[in-house]
Amino acid sequence: MTKKSDKTCEGCGSQNLKSHPTTYPVNMGEKQLNIERVWVRECLDCNIMKPTKAGQEKIDRGLGAFMTLMLR
Ligand SMILES: [Zn+2]
């Protein structure tokens, strides 16, 4: 099993990553949706933030709720 990409920055290849919860902005066309307390892995070298698997699931739920509101 290869899972090294899990702990390597996609931007610069650094392994100097830190996991923490943050407010994660998602652009939805002209609107911006801020999803609170999303777990991300932040690269301390180039500052790219990438949601963890749990973080991505939370974003997906947030977008789903947002879409439901929009369609009302
Ligand atoms: Zn990086």
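### Focus: the overall build of the chain
A tally of regular secondary structure across the chain gives one helix and three strands. For the chain, the succession of helices and strands along the chain, N to C, is β-β-β-α. What you see for the chain is a C-alpha radius of gyration of 14 Å, clearly larger than the 11 Å of a compact globule of 72 residues, by over 25%. Over its C-alpha atoms, taken along the principal directions, the chain stretches across nearly 45 × 25 × 20 Å. Taking all 72 residues of the chain together, 10% fall into the buried category.

### Examining the sheet that holds strand 3 (residues 49-51)
Pairing within the open sheet is antiparallel, and its three strands lie in the order 1-2-3. For this open sheet the edge positions go to strand 1 (17-28) and strand 3, each flanked by a neighbour on one side alone. This sheet shows a mean twist of 50° between the axes of neighbouring strands, independent of strand direction. Pairing of strand 2 (residues 31-43) with strand 3, which is carried by three bridges, proceeds in the antiparallel orientation. Its bridge partner lying in strand 3, V40 is registered against P51. Relative to strand 2, helix 1 (residues 53-71) is tilted by about 175°, and along the sheet it contacts strand 1, strand 2 and strand 3.

### Remarks on the pairing of strand 1
Burial of strand 1 is sparse: only one of the twelve residues sit out of reach of the surface. Bridge count for strand 1 against strand 2 is eleven bridges, and the pairing is antiparallel. Counted as the bridge partner of M28 is K31 from strand 2. Connecting strand 1 to the next strand, strand 2, in antiparallel fashion are two residues, including G29 with a positive phi near 65°.

Conventions we followed
Residues numbered from 1 in each chain as written. Predicted model: local features only at pLDDT ≥ 70, side-chain atom pairs only at ≥ 80, totals over all residues. Helix = DSSP H or I, 4+ residues; strand = E, 2+ residues; numbered from the N terminus. Rg over C-alpha atoms; globule rule 2.2 N^0.38 Å. Buried ≥ 20, exposed ≤ 12 C-beta atoms within 10 Å, placed from the backbone. Pairing = 2+ DSSP bridges. Axes fitted to C-alpha atoms, helices over the stretch in contact; angles between N-to-C directions. Contact = placed C-beta atoms within 7 Å.

Read these as layout, nothing more, since geometry by itself doesn't imply function.
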